[in-house]
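So the chains spell out like this:
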Amino acid sequence: PRQYVRYARYIRRLSQLEAAQIAALSISSQETFSKGQAHKGTIGDFELYGEGVPQRVIYKTLIFDLGQPVNFGRLFWSATPQRMEGGVLVDELDAPVRVQVEVRDGTDPAPAICYKFTDMGTRVVVDQKRYQEVLKNQSGSITNADGLGGTVTVTSRPKPGLRAGIEYDQDNWNFWSVPAFESGQPIGLRSGRYLQLKILLHSEDFDAYMRLDSLWIETSPVLATRVDGEVARLDDPTPLRGVAEVEMGKLTDFVGEYAADFEGGGAGFDAIRIRTGGTPMFKGLEMGAQAVEPTAVVEQAGELVVQLPRRVNPGNNEPIRVAFAAEVYDFAWTFDSEVIDSGTESLPQPVLGADVGEGIGTNTLRVLAASSQAEKIRDVRLSSGVVTPNGDGVNDLLNISYTLFGLPDAVAAQINIYALDGRRVATRAVGLQRSGLQRAEWDGRDVRGALLLPGLYLLGLEIEGEAAALTRLLPVGVAY
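This is a predicted model, so every value here is computed, not measured. (Residues numbered from 1 in each chain as written. Predicted model: local features only at pLDDT ≥ 70, side-chain atom pairs only at ≥ 80, totals over all residues. Heavy atoms only, no water.)

Colleague: How should the overall build of the chain be read in this particular structure?
Modeller: A count of helices and strands for the chain gives 3 helices and 34 strands. Summing over all exposed atoms, the chain offers an accessible surface of approximately 28200 Å²; the carbon and sulfur share of this is 50%. (Helix = DSSP H or I, 4+ residues; strand = E, 2+ residues; numbered from the N terminus. Areas by Shrake-Rupley, 256 points an atom, 1.4 Å probe, with all protein chains shown as cover.)

Colleague: Teacher, can you tell me more about the sheet that holds strand E29 (residues 398-404) here?
Modeller: Strand pairs in the sheet, formed through backbone hydrogen bonds, run parallel or antiparallel to each other. Strands sit in the order E27-E29-E32 across an open sheet of 3 strands; the sheet is antiparallel. Looking at the sheet topology across the chains shown, the edges are occupied by strand E27 (377-382) and strand E32 (436-442). Neighbour to neighbour, the strand axes of the sheet diverge by 20 degrees on average, direction disregarded. Across 7 bridges, the pairing between E29 and E32 is antiparallel. Within the sheet, the bridge partner assigned to Leu398 lies in E32 and is Trp442. (Pairing = 2+ DSSP bridges. Axes fitted to C-alpha atoms, helices over the stretch in contact; angles between N-to-C directions.)

Colleague: Before we go on, may I ask you to explain the packing of aromatic side chains in this structure?
Modeller: In this description, a pair of aromatic rings is defined by centroid distance and the angle of the planes. Scanning all chains against the criterion turns up 7 aromatic pairs. Look at Phe324 and Phe335: their rings are 5.3 Å apart centre to centre, the planes differ by 75 degrees, and that puts the pair in the edge-to-face class. Pair noted here: Phe324 is in strand E21 (residues 320-326) and Phe335 is in the loop between strand E22 (332-334) and strand E23 (337-340), with a separation of 11 residues, a long-range link. We note that Phe324, like Phe335, is buried. Across the ring face of Tyr115, the terminal group of Arg123 is positioned such that the distance to the ring centre comes to 3.9 Å. (Phe/Tyr/Trp six-rings, centres within 6.5 Å; stacked < 30°, edge-to-face > 60°. Buried < 20%, exposed > 50% of the residue type's maximum accessible area, 1.4 Å probe, protein only. Lys NZ or Arg CZ within 6 Å of the ring centre and 35° of its normal.)

Colleague: Quick question: what am I supposed to make of the side chain of Glu318 here?
Modeller: Looking at the element boundaries, Glu318 is found in the loop between strand E20 (303-312) and E21. The class of Glu318 is buried, set by a relative accessible area of 16%. At a separation of 3.0 Å, a polar atom in the side chain of Glu318 contacts the side chain of Arg310. Each residue touching Glu318, except ones within four places of it in the same chain, is listed here: Met287, Gly288, Arg310 and Val312. (Polar contact = N/O pair within 3.5 Å; in protein donor to acceptor, adjacent residues only side chain to side chain. Contact = heavy atoms within 4.5 Å.)

Colleague: What am I meant to see in the sheet that holds E21 here?
Modeller: Taken together, 6 strands build an open sheet; the order of strands is E18-E17-E21-E15-E13-E25 and the sheet is mixed. In the strand order of this sheet, the two ends are held by strand E18 (290-292) and strand E25 (352-353), each with one partner. Where strand E15 (residues 252-261) meets E21, 7 bridges bridge the pair, whose relative direction is antiparallel. By the bridge assignment for E21, Val255 is matched with Ala323.

Colleague: Hey, could you run me through the pattern of salt bridges in this one?
Modeller: Opposite charge on two side chains allows them to pair when their charged atoms are near. Under the criterion given, the structure shown has 23 salt bridges. Between Glu257 and Arg321 there is a salt bridge, with its nearest N and O atoms 2.3 Å apart. Taken as a pair, Glu257 in strand E15 and Arg321 in strand E21 lie far apart in primary sequence, 64 residues in all. Among the residues examined, Arg321 registers a relative accessible area of 23% and is labelled partly exposed. What emerges from the salt-bridge pattern is a single network uniting Arg273, Arg275, Glu303 and Glu338. (Salt bridge = Lys/Arg side-chain N within 4 Å of Asp/Glu carboxyl O.)

Colleague: Is there a simple way to think about a nonpolar patch on the surface in this case?
Modeller: Taken together, the side chains of Val5, Tyr10, Phe46 and Leu48 present a nonpolar region at the surface, about 440 Å² in accessible area. Tracing the backbone shows Tyr10 in the segment before helix H1 (16-23). Owing to a relative accessible area of 46%, Tyr10 belongs among the partly exposed residues under this scheme. (Patch = residues over 30% accessible without salt bridge, like charges linked within 9 Å, V, L, I, M, F, W, Y side chains within 5 Å.)

Colleague: Teacher, can you tell me more about the environment of Asn316 here?
Modeller: Tracing the chain through its elements places Asn316 in the loop between E20 and E21. It is 9.2 Å that separates the C-alpha atoms of Asn316 and Gly268, two residues lying 48 residues apart in sequence. Ignoring anything within four residues of it in the chain, the contact list for Asn316 reads Arg310 and Arg311. A polar contact is formed between the side chain of Asn316 and the backbone oxygen of Arg311, at a distance of 2.9 Å.

Colleague: What am I meant to see in unusual backbone geometry here?
Modeller: Most peptide bonds are trans, and most residues other than glycine sit at a negative phi. A positive phi is found at Asn363, a non-glycine position, where the angle reads about 60 degrees. For Asn363, the position within the fold is in the loop between E25 and strand E26 (366-370). Positioned with a positive phi, Asp379 is a non-glycine residue whose angle comes to about 55 degrees. Locating Asp379 in the fold gives a position in strand E27.

Colleague: I'm lost on the pairing of strand E30 (residues 411-418) in this one. Help?
Modeller: Two faces make up the sheet, and in a regular strand the side chains alternate between them. In terms of burial, E30 is largely enclosed, as 6 of its 8 residues are buried. Pairing of E30 with strand E31 (residues 424-433), which is carried by 8 bridges, proceeds in the antiparallel orientation. Among the inter-strand pairings, Ala413 is bridged to a residue of E31, identified as Gly431. The turn joining E30 and E31, which pair antiparallel and follow one another in sequence, is formed by 5 residues; a positive phi near 100 degrees is taken by Gly422. By the bridge criterion, 6 bridges tie E30 to strand E33 (residues 455-463) in an arrangement that is antiparallel. For Gln414, the partnering residue across the bridge sits in E33 and is Glu462.

As far as function goes, none of this settles anything; it's purely spatial.
The structure is reproduced here in structure tokens:
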């Protein structure tokens, strides 16, 4: 039967004469053989063929020059699942195939920094073409006799004109984005002029294909050359260790400072959005070191939006200071922020973590959190102790709220309903969830969609764990 193969071993049975000839080889001929010289009866190469589709195909584009810096929005694509039947490709929507896209962008043409050695043994930057075509590889190490019957290996001294290594240009390039598996997702890139994509086509069947028909990304002109920001605790703006440290899950007052640069142009902005873990509370706004009243404030789960009373642009470039309260549910949380031009359809522009001024001493949008509790699932609350799915509009659905703490990544969560004898009688997947306040609901029905009999049950909230699933149980009644 056909199967996916990664490695193949070729085995050739020797005749008695061949075996005797190999056994009779002298040491000298063995040494010659080991140096790669061809001998009668040896195999130079062989080829292995198979029918079907690889499990994964990777296509990495060249680096695109967009001509000017832009802001990035959502990533879209159109793809057609297909299957080979009788030598003909036919569309099949349920084929076990999928698309994965990763994106990175930068402000200069290449994501790598190339170095060469100088005559002082230091490193200087050279262009990539010179590095690859002119400079020579470093000579590595030298092994000499140590005078005591042994050897000693020393690293050769760097010499002028030798390659001194390549580093990733973190200052001017993003790392590859989080993989996108669905069209229409934001790609979370900062502003940039150069763009590169990595497209992976996955297949779980020998005859199933994914045909990528088109791919496009939303872009718009930048609102400013760049916008920098930093965040700290309001009561400790210049922490000793250079980063804000808080208690996980505790409502904490923060302050963020933001400053724009319009050296390369930009139409400006009139609002700022701050991503928070839970529902934030607005505390105050300053522009140009003066307290001002915002035009509007939106406090909702996961974000705070502050509408500025004055537009920030090249002619009125005032620093912004926002005070707010929020809870942190991760060990390391970044208050990702972006500025907005609410009067146009321009895309928001991400704020970069950097030094803004002397008022805050963190130079970053990230904060650290610690917790004295080990539980990952906390503060589980039910809208009612009894669900009554009789269609009268009262307690027809059981609303469940809870908070997830300290998760390293998004995890799968589900609601399980158990009878008192331990049998699972209902389950509902609620998808991938991250740290923070979460919500789910249950309609009082079993795994077949039928209403459960009236009585007392146990509701189990379950999330994936590294070693085992994590569960919290609460009693819930069904009545109608």
